[in-house]
Amino acid sequence: MALLEKITKLVSRYFLLPLVTLYMYLIQNPKSREYYKSAGILDLGDVSINYVNNFSRQISSTTYWMEMYNRVKEAGASLAGCGLAGHDILIPRSPALIKSILVKDASHFDRVGNLLSLKGDYIASKTLLCLQGEDWTKTRAKFEAAFTPSKIRRNFVQVDKLGKELVQYLNREVEKEAQINFGQAALKFTTDVTGSTMLNLDTGSLRTRGPTRFEEILDKLFSSFDNFANWWKPGFIQWFPRIATYFKVTLVDEEIVEFYRNVAQFEMNNEKGRDRNNFVSVVRSTWEELYGNRGLYDSSDHEEEWITANLFGMVLPGYKTTETLIAMCAYVLALHQDVQDKVRDEINATFESNQDDLDFAAVNRMTYIDMVINETLRMYSPIGLVGRVCKKEYPVPDTNLVLKVGDVIIISLYGLHYDEEYHENPEIFDPERFSSGVKNKDFSFLPFTQGPRNCIGSRMAMLETKMALCYVLRNFKLTRPQKLSFP
Ligand code: HEM
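Residues numbered from 1 in each chain as written. Predicted model: local features only at pLDDT ≥ 70, side-chain atom pairs only at ≥ 80, totals over all residues. Heavy atoms only, no water.

1. Considering the domain arrangement of the chain
Here comes step 1: Assigned domains of the chain: these are domain 1 (13-116 + 384-423) and domain 2 (140-383 + 447-475).
Here comes step 2: The centre of domain 1, based on its C-alpha atoms, is set 30 Å off from the matching centre of domain 2.
Here comes step 3: Taken residue by residue, the interface counts 16 residues in domain 1 and 17 residues in domain 2.
Here comes step 4: Of the roughly 1400 Å² buried between domain 1 and domain 2, counting both surfaces, carbon and sulfur atoms make up 58%.
Here comes step 5: There are 0 salt bridges connecting domain 1 and domain 2.
Here comes step 6: Summed over the shared surface of domain 1 and domain 2, the result is 4 residue pairs in polar contact (both at pLDDT 80 or more).
Here comes step 7: When grouped by side-chain class, the residues that make up the side of domain 1 that touches domain 2 number 11 nonpolar, 3 polar and 2 charged. (Domains from an automatic or database assignment. Contact = heavy atoms within 4.5 Å. Buried area = accessible area lost by both parts, 1.4 Å probe. Salt bridge = Lys/Arg side-chain N within 4 Å of Asp/Glu carboxyl O. Polar contact = N/O pair within 3.5 Å; in protein donor to acceptor, adjacent residues only side chain to side chain. Nonpolar A, V, L, I, M, F, W, Y, C, P; charged D, E, K, R; others polar.)

Have a look at this one:
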């Protein structure tokens, strides 16, 4: 393994990196620099080589685009343009413009995942996250049914049960260790919540100290690319999408696909025991209504494949993001004992007014915990940026710029969340800034974004986080580890 790692590093540093840098250099288009300037928009130049250099220094895209956003801010502009890998990129800073892009004029745009097209990946391309155009509109409209407030209320019982299991897990851990890994506990919690609410499975991670089969499957996605043999796939999928689709090439490891396929098959073979309210059933009926025998649209997709892809596609964006949020809430509460005491008071009052238990309505009545979670989302948003790609010409409001098809927009959520023009003293953790809700932070606070393509699971994420905090703070005091240094 160590040898393989060394080879991988050498190949990346001395072969791939120079090759990509050369490619970036060759595709720079000097004429492109007039694009923004001629419309009177600040142009930050072609950043391709700089982007690759930063990437090789392991600077994340979140940090990179936040720095770009800050350059726009320092210039006192409300938007700016730059070039990257042959694309013209727009970086908006004004909440009004961001609102137009995400909501009012959303029909001009698709989501850009990354610069890699997944059209040829037979699993990833069918997930809600990657679907584009008409296919996305139809599927999203059907999936929304699984995330309405009344459907989230139905999930409450499962989340509540897992909140209690989280306490038991933590109790067992504190008996063994003086200092425990809270992030690990939060991950087990969100893993089990996702398993039970999205896949109908009792995944039992909180009852097991070591990793369960489901945890291994989730983890495998991130270790797939440790395997050098998989490195050819992204390029192949990008450049030969039809051949890739024909031979069912996917970036997703076969063992992972097999796991979700088994869940899909169980649902398809379980006609009698079918509960139309659970998410697996919603995915299946979406396929039947849209593409099945008497479906509204033709599709060459196979039912089992489509369901498999969409189960995988709903698990993927939810469990780690929510784990990050819960862990970051614990981190800030450990640093701010006064805030922790105040949240605990609210939680204790809620338990006591409810026969020492929680119910959905009571949890929703709590306000201070919401303020704390929102302030954590502002400072430590699990997602740092979102992108849009222009699919029909777009005259940018109040400017002379008309975006052309293929232009990319990068909205830096961190840039917005730390912009002192919108959030006073942004470096300071202050839940009070959310005392009148999130409304007055319109489009300068966007952890789940807004508009038709926003996060479909935001209500679920907020419920999970609140429940985890309720059970943890009711039973434990969070303190900062002695030996760790904090940023
Ligand atoms: C704290 C937790 C979470 C955060 C911060 C978060 C944030 C986001 C963001 C920023 C987007 C992109 C929105 C855009 O492009 O405008 C997104 C999309 C998405 N999220 Fe979440 N998310 C979280 C939890 C969840 C959960 C729990 C689920 C599922 C149960 C979920 C499912 C999705 C899906 C399917 C999409 C793609 C929606 C579409 O393209 O129509 N997310 N999320």
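Having seen it, we continue.
2. Considerations on the coordination of the iron atom of the ligand
Here comes step 1: Among all protein atoms, only C455 (SG) binds the iron atom of the ligand, sitting 2.3 Å from it.
Here comes step 2: Tracing the backbone shows C455 in the loop between α18 (413-417) and α19 (458-475). (Donors = N, O, S within 2.8 Å, 3.2 Å for Na, K, Ca; no water. Helix = DSSP H or I, 4+ residues; strand = E, 2+ residues; numbered from the N terminus.)

3. A word on the UniProt feature "binding site: heme" (unreviewed entry) in the chain
Here comes step 1: Listed under "binding site: heme" (unreviewed entry) in the UniProt record, and renumbered for this structure, are C455.
Here comes step 2: Overall, C455 belongs to the partly exposed group, its relative accessible area being 33%.
Here comes step 3: Contact partners of C455, with chain neighbours within four places excluded, come to R140, F448 and T449. (UniProt positions renumbered as here; feature names shortened; annotations may be inferred. Buried < 20%, exposed > 50% of the residue type's maximum accessible area, 1.4 Å probe, protein only.)

4. Topic: the pattern of salt bridges
Here comes step 1: In this structure the tally under the stated criterion is 34 salt bridges.
Here comes step 2: Between E165 and R207 there is a salt bridge; the shortest N-O distance is 3.4 Å. Within this pair, whereas E165 is found in helix α7 (residues 149-176), its partner R207 is found in the loop between α8 (182-199) and α9 (213-223), the two being separated by 42 residues in sequence.
Here comes step 3: Residue E165 is classed as buried on the basis of its relative accessible area, which comes to 10%.
Here comes step 4: Here R207 falls in the partly exposed class, since its relative accessible area comes to 45%.
Here comes step 5: A salt bridge links R261 to E258, with the shortest nitrogen-to-oxygen separation between them at 2.8 Å. Residue R261 and its partner E258 are located together in helix α12 (residues 254-268), separated by 3 residues, close to a single helical turn.
Here comes step 6: Overall, the relative accessible area of 35% leaves E258 in the partly exposed class.
Here comes step 7: When salt bridges that share partners are traced, they join K161, E165, D202 and R207 into one network.

5. A closer look at unusual backbone geometry
Here comes step 1: Non-glycine residue N200 carries a positive phi angle of around 65°.
Here comes step 2: Structurally, the position occupied by N200 is in the loop between α8 and α9.
Here comes step 3: Phi at T449 takes a positive value of approximately 55°, unusual for a residue other than glycine.
Here comes step 4: Its location among the elements puts T449 in the loop between α18 and α19.
Here comes step 5: Given a relative accessible area of 11%, T449 falls into the buried group.

6. Let's talk about the sheet that holds strand β2 (residues 79-84)
Here comes step 1: Spatially, 6 strands are ordered β1-β2-β3-β8-β5-β4 in an open sheet, and the strand pairing comes out mixed. The two strands at the open ends of the sheet, each matched to only one other strand, are β1 (42-46) and β4 (109-111). Here the strands of the sheet are splayed against their neighbours by 25° on average, with no regard to which way each runs.
Here comes step 2: Summarising the sheet, β1 and β2 pair through 3 bridges and their orientation is parallel. By the bridge assignment for β2, L42 is matched with A80.
Here comes step 3: Most of the contacts of helix α4 (residues 61-74) go to strand β3 (residues 87-92), to which it runs at about 70°, and overall it touches β1, β2, β3, β5 (385-390) and β8 (408-412). (Pairing = 2+ DSSP bridges. Axes fitted to C-alpha atoms, helices over the stretch in contact; angles between N-to-C directions.)

7. Considerations on empty space enclosed by the protein
Here comes step 1: Tallied over the entire structure, the rule returns 1 cavity of 30 Å³ or more.
Here comes step 2: Its volume calculated, the largest cavity comes out at about 40 Å³.
Here comes step 3: Where the lining of the largest cavity is concerned, the elements lending two or more residues are α9, α12 and α14 (303-335).
Here comes step 4: For the lining of the largest cavity, the leading source of residues is α14, giving 4 residues.
Here comes step 5: When its residues are assigned to classes, the lining of the largest cavity shows 9 nonpolar, no polar and no charged. (1 Å grid on protein atoms, 1.4 Å probe; cavity = no way out; pocket = protein on both sides within 12 Å on 5 of 7 lines; lining within 4 Å. Points joined across faces, edges and corners; volume = space filled by probe spheres on them.)

8. Focus: the environment of L469
Here comes step 1: Within the element layout of this structure, L469 appears in helix α19.
Here comes step 2: Under the relative-accessibility criterion, L469 is labelled buried at 2%.
Here comes step 3: With 306 residues separating them in the primary sequence, L469 and G163 have C-alpha atoms 8.8 Å apart.
Here comes step 4: Here L469 is in contact with C329, L333, I347, I369, I373 and R474, once residues within four sequence places are set aside.

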